[in-house]
Amino acid sequence: MDALSELLRTVRLSGAMFFNARCSAPWCVRSPPAHRLGHYVAPNASHVIEFHFIAQGRGYVRVGGETTPLVAGDIAMLPHGDAHYMGNGLGGETIDGESSMAALLSGDVKLSHIGSGDGEETRLICGYLACEGRLIQPLIAGLPRVVRVNVRQDPYGRVLEEMIRHAVGQLAEGRPGSQTVGARLAEVLFVESLRRYLLQLPPGNAGWLAGAADPAIGRALTALHRRPAHPWTLDALAREAGLSRSSLAERFARHFGQGPMGYLADWRLELAADALRTTSRSVLQIAAEVGYDSEAAFNRAFKRRFALPPARYRRSSREGVVSVSEAPADA
């Protein structure tokens, strides 16, 4: 289990394919912010990531003033859930994607047709991944608004493309188990997009993914995420990483903007906040699960980060007063 696998194991990924279209240029679709998909795709998820696969032809995705060109074999992932436009060519009617969202997300992914022109045809397959926003934040914080990778550059990518086509065909025919296959494939596409994005990063890049790819830092990250309640010390983590204390601290600061013990403290509190929002376990139980020997010490640390003591945070989150996007990162 590597660091990325350990992190993703905690964020409760839930995915699906939801759109399958042949688009004739000129065409353009306006998609809403992904959080508006939440009540359709996963009511309890606090973050939604969309991805779009160009199976044939060309297109673009535009977020704000930035346009990313797309070619066949490209996956365009929007990790931050931005509103965006997709299309190909100039002119033509802009379709409001939100107006048809309920139908699109009903599980019916039969082939749709977009565009009234007779220009270049684009085959578009889309999906989503719902997850716990605060827990996935360390991973996506350093990613661009659009992550673009191509799967036609190696044999595995071409096999993955065939799997996507097969899964969409099974969904369109309503075959038993096809929705589960689509959900798992959406998760695979997410991880594969991250892996390919990481491989194309220039040397010396900072951020969570680059840190996880560093063999030594990756070992330390894996250990922290696998056993967050363990009484880690800087010496023990340095031994795990095979580095000196100073080298470990310097590399952590370069990639994550803080030392390993600060990273661990933040991650423990995020795990605790998630447990308070989603379980009925007592504050004392949760404190012990994330590595605190004293409930009083846990209460103090939690209040410093979230501006509320644990019990009030739980009540407020269940009453909708504290949302994942609104809860302060620091206090």
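See the structure printed just above.
No experiment lies behind these values; they were computed from the predicted model shown.

Packed helix pairs are specified by the crossing angle of their axes together with the interaxial distance, meaning the distance between the axes. Across the interface, helix α11 (residues 260-278) lies against helix α13 (residues 295-306) with an axial gap of 10 Å and an inter-helix angle of 90 degrees. Taken together, the axes of α11 and α13 are roughly perpendicular relative to one another. Taking contact as the criterion, the partners of D266, L269, E270, A272, A273 and L276 in α11 are, on α13, F298, A301, F302, R305 and F306. Grouping the amino acids of the contact of α11 with α13 by side-chain chemistry returns eight nonpolar, no polar and three charged.

Turning our attention to the packing of aromatic side chains. Applying the stated rule across the entire model yields eight aromatic pairs. On the basis of an interplanar angle of 45 degrees and a centroid distance of 5.3 Å, the ring pair of F256 and Y263 is categorised as tilted. Taking relative accessible area as the criterion, F256 reaches 16% and is therefore assigned buried. Taken together, the aromatic side chains of Y292, F298, F302, F306 and Y313 make up a single cluster linked through ring pairs. Its end group placed over the ring of Y85, R62 keeps NZ or CZ at 4.9 Å from the ring centre.

Cis geometry marks the peptide bond from A25 to P26, where omega comes out at 0 degrees. The phi angle at R12 is positive, at roughly 55 degrees, despite the residue not being glycine. With respect to the helices, strands and loops of the structure, R12 is situated in the loop between α1 (3-8) and β1 (14-24). The exposure class of R12 is partly exposed, given its relative accessible area of 42%. The phi angle at A307 is positive, at roughly 70 degrees, despite the residue not being glycine. With respect to the helices and strands, the residue A307 is situated in the loop between α13 and α14 (310-318).

A few words now on α11. Look at α11: 27 Å from first C-alpha to last across 19 residues, which is about the 27 Å you get at 1.5 Å a residue. With 14 of its 19 residues buried, α11 lies for the most part within the structure.

What counts, and where the lines are drawn
- Residues numbered from 1 in each chain as written.
- Predicted model: local features only at pLDDT ≥ 70, side-chain atom pairs only at ≥ 80, totals over all residues.
- Heavy atoms only, no water.
- Axes fitted to C-alpha atoms, helices over the stretch in contact; angles between N-to-C directions.
- Helix = DSSP H or I, 4+ residues; strand = E, 2+ residues; numbered from the N terminus.
- Parallel < 35°, antiparallel > 145°, perpendicular 65-115°, else oblique.
- Contact = heavy atoms within 4.5 Å.
- Nonpolar A, V, L, I, M, F, W, Y, C, P; charged D, E, K, R; others polar.
- Phe/Tyr/Trp six-rings, centres within 6.5 Å; stacked < 30°, edge-to-face > 60°.
- Buried < 20%, exposed > 50% of the residue type's maximum accessible area, 1.4 Å probe, protein only.
- Lys NZ or Arg CZ within 6 Å of the ring centre and 35° of its normal.
- Expected span 1.5 Å × (residues − 1).

The analysis is restricted to geometry; functional conclusions fall outside its scope.
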